[in-house]
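Here's the letter readout for the chains.
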Amino acid sequence: IGGAPPPLWMRLALRVMNVNPGGLWDATEYVERLEGLGYANVRVEILEGVLEPWVPRAFLTYLGYAIIIADAPLGAARREKVAVIGSGMAGLVVAHSLCADFDVTVFEGAKP
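Residues numbered from 1 in each chain as written. Predicted model: local features only at pLDDT ≥ 70, side-chain atom pairs only at ≥ 80, totals over all residues. Heavy atoms only, no water.

Colleague: Got a minute to help me understand the pattern of salt bridges in this structure?
Modeller: In a structure, side chains of opposite charge can pair up when their charged atoms sit close to one another. Following the criterion strictly, the structure yields 1 salt bridge and no others. When the shortest N-O distance is used, the salt bridge between Arg-33 and Glu-29 registers 2.9 Å. Of this pair, Arg-33 and Glu-29 both sit in helix α2 (residues 27-36), 4 residues apart, which is roughly one turn of the helix. (Salt bridge = Lys/Arg side-chain N within 4 Å of Asp/Glu carboxyl O. Helix = DSSP H or I, 4+ residues; strand = E, 2+ residues; numbered from the N terminus.)

Shown next, in the form of structure tokens:
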């Protein structure tokens, strides 16, 4: 959760790592976008020290790690849950075709 937009060298490095640099928002933008979608009580908690062991120091000026907490909009539709038994070809095809409309869980039994 950085404040300043990343410089060109960093945007290029993020692209190499398959990270879209256009998706880097600051805390205010997260709050505004989520409230615009109907979420309430949006809070951003910035966690210090999470990225330091994993990210080069030059990146830390522009990147941060945060938890975003919000209350779901009232009346938000909840997706139904579906269980698919078996991860063979048929089970995976069914799970894939249902995942757009349902929360799908695939179960596979252990073979003795």
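Colleague: I tried to follow the environment of Thr-105 on my own but got confused; where do I start?
Modeller: Note that Thr-105 resides in strand β4 (residues 103-107). Put simply, Thr-105 and Val-84 are 21 residues apart on the chain and 6.2 Å apart in space, counted from C-alpha to C-alpha. Ignoring any residue separated from it by four or fewer positions in sequence, one finds Thr-105 in contact with Val-82, Ala-83 and Val-84. (Contact = heavy atoms within 4.5 Å.)

Colleague: Honestly, the nonpolar core in this entry has me stumped. Any pointers?
Modeller: General note: in soluble globular proteins, nonpolar side chains tend to be found buried as a group. Judged by nonpolar contacts, Met-10, Leu-14, Leu-51, Val-55, Phe-59 and Leu-63 together constitute the single largest core of 6 residues. The contact partners of Leu-14, leaving out residues within four places of it in the chain, are Val-19, Pro-21, Leu-24 and Phe-59. (Core = buried A, V, L, I, M, F, W, Y, C linked by side-chain atoms within 4.5 Å. Buried < 20%, exposed > 50% of the residue type's maximum accessible area, 1.4 Å probe, protein only.)

Colleague: Teacher, can you tell me more about the environment of Thr-61 here?
Modeller: Structurally, Thr-61 is set in the loop between β1 (40-47) and β2 (65-71). Looking at Thr-61, the relative accessible area reads 58%, which means it is exposed. The spacing of Thr-61 and Pro-5 is 56 residues in sequence and 10.0 Å in space, taken between C-alpha atoms.

Colleague: When you look at the pairing of β4 in this model, what are you seeing that I'm missing?
Modeller: Successive side chains on a regular strand alternate, one facing one side of the sheet and the next facing the other. Sheet analysis places strand β3 (residues 81-85) next to β4, joined by 5 bridges and oriented parallel. Directly across from Val-84, in β4, lies its bridge partner Val-106. A crossover connection joins β3 to the parallel β4 through helix α3 (residues 89-98); in handedness this β-α-β unit is right-handed. (Pairing = 2+ DSSP bridges. Right-handed = clockwise from strand over helix to strand, strands pointing away.)

Colleague: Could you clarify how one ought to interpret a nonpolar patch on the surface in this entry?
Modeller: On the surface, Leu-47, Tyr-65 and Ile-67 cluster together into a nonpolar patch covering about 240 Å² of accessible area. Along the chain, Tyr-65 falls in strand β2. Looking at Tyr-65, the relative accessible area reads 41%, which means it is partly exposed. (Patch = residues over 30% accessible without salt bridge, like charges linked within 9 Å, V, L, I, M, F, W, Y side chains within 5 Å. Areas by Shrake-Rupley, 256 points an atom, 1.4 Å probe, with all protein chains shown as cover.)

The values are spatial; any link to function lies outside them.
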